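# Geometric and topological summary
So you can see what is in the structure, the chains are spelled out below.
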Amino acid sequence: MTTSRIPFDAQPTLVGDLVELRPLEEGDFADLYAVASDPLIWEQHPVRDRWTRQEFAAFFRESLDSRSALLAIDVQSGAVIGSSRFHGYREDRREVEIGWTFLARSHWGGTFNGEMKRMMLEYAHRFVDRVVLLVTPSNLRSQRAVEKIGGVRVGTRLDAGGRESYEYEIRSEKQMW
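Residues numbered from 1 in each chain as written. Predicted model: local features only at pLDDT ≥ 70, side-chain atom pairs only at ≥ 80, totals over all residues. Heavy atoms only, no water.

### Some thoughts on the packing of aromatic side chains
What counts is decided by this rule: Under the pairing criterion, centres of Phe, Tyr and Trp rings, with the six-membered ring standing for Trp, must be within 6.5 Å; the plane angle then separates stacked pairs below 30 degrees from edge-to-face pairs above 60, leaving the rest tilted. Secondary structure counts use DSSP, requiring at least four H or I residues in a row for a helix and at least two E residues in a row for a strand, with both numbered from the N terminus. For every residue, the accessible area obtained with a 1.4 Å probe (protein chains only) is divided by the maximum for its type, and the residue is called buried under 20%, exposed over 50%, and partly exposed between those limits.
Overall, the coordinates contain 16 aromatic pairs when judged by the stated rule. Ring centres of Phe8 and Phe86 lie 5.3 Å apart, and the angle between their planes is 90 degrees; on these two criteria the pair is classed as edge-to-face. Separated by 78 residues along the polypeptide, Phe8 in the segment before β1 (14-15) and Phe86 in strand β4 (residues 80-90) bring together distant segments of the chain. The two residues Phe8 and Phe86 agree in class, both being buried.

### A short note on the confidence of the model for the chain
Note the threshold: Values of pLDDT, ranging from 0 to 100, describe the predictor's confidence in every residue of the model. Contacts were defined at the residue level, with two residues in contact if any of their heavy atoms lie within 4.5 Å.
Across the chain, pLDDT averages 91, with 94% of residues at or above 70. For residues 1-5, every residue scores under 50 in pLDDT, and the model assigns this stretch 18 contacts once sequence neighbours within four places are set aside.

### Some details on the nonpolar core
Just so we agree on the cut-off: The criterion is simple. A nonpolar core is a set of buried Ala, Val, Leu, Ile, Met, Phe, Trp, Tyr and Cys residues joined through side-chain atoms within 4.5 Å.
Among the nonpolar cores identified, the biggest contains 28 residues, and Val19, Leu21, Phe86 and Val131 are the most heavily contacted of them. No other element matches the seven residues that helix α3 (residues 111-124) contributes to this core. When sequence neighbours within four positions are dropped, the list of residues in contact with Leu21 reads Pro12, Thr13, Leu14, Leu70, Leu71, Ala72, Met116, Met119 and Met120. Among the nonpolar cores identified, the runner-up in size contains 18 residues, and Leu24, Tyr33, Phe60 and Val80 belong to it.

### With respect to the sheet that holds strand β7 (residues 152-158)
Think of a sheet as strands paired side by side through backbone hydrogen bonds, with each pair either parallel or antiparallel. Just so we agree on the cut-off: Following DSSP output, two strands are said to pair if at least two bridges run between them.
A sheet is described by the order of its strands in space; here eight strands give the open sequence β1-β2-β3-β4-β5-β6-β8-β7, paired in mixed fashion. Single-partner strands in this sheet number two, and they are β1 and β7. Sheet topology note: the strand β3 (residues 69-74)/β4 ladder contains five bridges and is antiparallel. Each bridged residue has a counterpart across the sheet, and for Ala72 the counterpart in β4 is Gly82.

### Thoughts on the layout of surface pockets
Unoccupied space between atoms shows up once a probe the size of one water molecule is rolled over them. Just so we agree on the cut-off: A cavity, in this analysis, means grid points on a 1 Å lattice covering only the protein atoms where a 1.4 Å probe fits yet has no way out; a pocket is instead an open set bounded by protein on both sides within 12 Å along at least five of seven lines, and a residue lines either one if it has an atom within 4 Å of a point. Grid points are joined across faces, edges and corners, and a volume is the space filled by probe spheres set on the points. Note that Gly is not counted as nonpolar here; it falls among the polar residues with everything else outside the nonpolar set of Ala, Val, Leu, Ile, Met, Phe, Trp, Tyr, Cys and Pro and the charged set of Asp, Glu, Lys and Arg.
Approximately 990 Å³ is the volume found for the largest pocket. Trp100, Thr101, Phe102, Asn139 and Ser142 are, among the 40 residues lining the largest pocket, the residues nearest its centre. Examining the composition of the lining of the largest pocket, we find that seven residues originate from one element, strand β5 (residues 95-103), more than from any other. Across the lining of the largest pocket, the residue classes break down as 17 nonpolar, 14 polar and nine charged. By volume, the second largest pocket amounts to about 210 Å³. Mapped by element, the contributors of at least two residues to the lining of the second largest pocket are α3 and β8 (164-171). Ranked by the residues each element gives to the lining of the second largest pocket, the list is headed by α3, at three residues. Class assignment of the residues belonging to the lining of the second largest pocket gives a composition of three nonpolar, two polar and five charged.

### Considerations on the pattern of salt bridges
Worth spelling out the cut-off: We count a salt bridge whenever a side-chain nitrogen from Lys or Arg sits within 4 Å of a carboxyl oxygen from Asp or Glu.
Under the definition given, this model contains 18 salt bridges. One salt bridge connects Arg61 with Glu26, and the closest N-O pair in it is separated by 2.7 Å. Note that Arg61 is positioned in helix α2 (residues 53-66) and Glu26 in the loop between β2 (19-23) and α1 (29-36), a separation of 35 residues in sequence. Note on Arg61: relative accessible area 35%, which makes it partly exposed. Between Arg118 and Glu122 there is a salt bridge, with its nearest N and O atoms 3.3 Å apart.

### So, the pairing of β3
Along β3, six of the six residues are buried, which leaves the element largely enclosed by surrounding structure. Residues of β3 alternate between two faces, with Ala69, Leu71 and Ile73 on one and Leu70, Ala72 and Asp74 on the opposite face, all of them buried. Here five bridges tie β2 to β3, and the two strands are oriented antiparallel to one another. Looking across to β3, one finds that Arg22 is bridged to Leu71. In this structure, the hairpin formed by β3 and β4 is closed by a connection of five residues, where Gly78 is found at a positive phi of approximately 80 degrees.

Structure representation (structure tokens):
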């Protein structure tokens with residue numbers, strides 16, 4: 001597969017039947033924190049207190065500074081339901097990471113996450129052959145979600161925060177060797 005020569009835009013707007021993903025903006029803090037303030041969202045996450053305003057504010061700032069974070073909106077209601085992001089685009093290795101995903105518990109169960117990830121994967125595979133997803137070993141819920149969308153565990157490596165993580169990959173179906 002020949003990847004596109006168009007530069008990878010890490011903040012596209014992607015619209016599906018259930019979810020719209022758009023670039024995260026400064027003014028999204030209150031709506032996104034309303035989702036993130038649920039402690040159960042973070043119970044298996046390595047930063048378990050991210051539901052607190054102080055921890056979430058640091059995460060939100062990091063997300064904005066990454067210039068690769070996407071806000072997830074329920075298409076039907078217009079409500080903010082979470083976020084995700086691209087990270088570590090490597091044209092030379094033809095890969096990008098998807099991560100930092102969280103959704104409101106009202107939208108758990110796979111349908112919304114599945115569409116969100118499908119849109120991100122389809123977009124990413126226009127530019128890369130391999131999408132990487134890193135999940136900490138204690139986060140069984142995220143491991144199941146990644147496997148549900150076709151992620152294959154290929155080893156371990158450190159995540160952006162320096163934590164040991166399982167490395168999953170999803171390769172482009174169009175890839176030719």
